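# A structural walkthrough
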Amino acid sequence: MIKIYGIKTCGSVRNALKFFKDNNIEVEFSDFKKETPSAEKVKTWTQKADVNILFNSKGTKYKTLNLKELNLDENGKFEWLCKEPMLFKRPVIEYDNKVLVAWDEKVYKKTFL
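Residues numbered from 1 in each chain as written. Predicted model: local features only at pLDDT ≥ 70, side-chain atom pairs only at ≥ 80, totals over all residues. Heavy atoms only, no water.

## Observations concerning the pairing of strand β2 (residues 27–31)
With five bridges joining them, strand β1 (residues 2–6) and β2 adopt parallel strand pairing. Of the residues in β2, the one forming a bridge with Tyr5 is Ser30. Note on the crossover from β1 through helix α1 (residues 11–22) to β2: the handedness is right-handed. (Pairing = 2+ DSSP bridges. Helix = DSSP H or I, 4+ residues; strand = E, 2+ residues; numbered from the N terminus. Right-handed = clockwise from strand over helix to strand, strands pointing away.)

Here's what the structure looks like:
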């Protein structure tokens, strides 16, 4: 089962959900606004995908929290991801014991079709 994490209002998440729907691939969706991933889950993700890829340093939440000034190392980024899911680059997709981050149609076609 493919599980997608993100928020419904995010364009990249909408693109991903549409891709799976258009290709008749069943997915389960988990909304970051309703369910914050556990620290254990975040740890698993950072073991399968680089924390620097998971951590969205271009998003609104990053800017409003002034995180740039903190000059976060990987551990700092991990700690922030554990308490603020809006800092994840979206979507985060779990499949076949792997993690795929962000929207990229070419990668999705190669991976899921």
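## A word on the packing of aromatic side chains
Ring pairs (aromatic) are described by centroid distance and by the angle formed between their planes. Evaluated as defined, the whole model comprises 13 aromatic pairs. For the pair Tyr5 and Phe32, a centre-to-centre distance of 6.3 Å together with 25° between the ring planes defines the contact as stacked. Of the two residues, Tyr5 sits in strand β1 while Phe32 sits in the loop between β2 and α2 (39–48), which places them 27 residues apart along the sequence. By relative accessible area, Phe32 is classed as buried at 2%. One aromatic cluster is present, formed by Phe19, Phe20, Tyr95, Trp103, Tyr108 and Phe112 through successive ring pairs. One cation-aromatic arrangement involves Lys8 over Phe29; the distance from NZ or CZ to the ring centre is 4.6 Å. Above the plane of the ring of Trp80 lies Lys83, whose end atom (NZ or CZ) is 4.4 Å from the centre. (Phe/Tyr/Trp six-rings, centres within 6.5 Å; stacked < 30°, edge-to-face > 60°. Buried < 20%, exposed > 50% of the residue type's maximum accessible area, 1.4 Å probe, protein only. Lys NZ or Arg CZ within 6 Å of the ring centre and 35° of its normal.)

## Points about the nonpolar core
With 22 residues, the main nonpolar core has Phe32, Trp45, Leu54, Leu81, Phe88 and Val92 as its most contacted residues. At the level of secondary structure, the elements contributing two or more residues to this core comprise α2, α3 (51–54), α5 (74–83) and β4 (98–101). Top element by residues in this core is α5. It accounts for three residues. Ignoring any residue separated from it by four or fewer positions in sequence, one finds Trp45 in contact with Tyr5, Phe32, Pro37, Leu54, Phe88, Val92, Glu94 and Val99. Core analysis: the next-biggest nonpolar cluster, separate from the first, contains 11 residues, Ile2, Ile4, Phe19 and Phe112 among them. (Core = buried A, V, L, I, M, F, W, Y, C linked by side-chain atoms within 4.5 Å. Contact = heavy atoms within 4.5 Å.)

The quantities given are spatial measurements derived from coordinates; they are silent on function.
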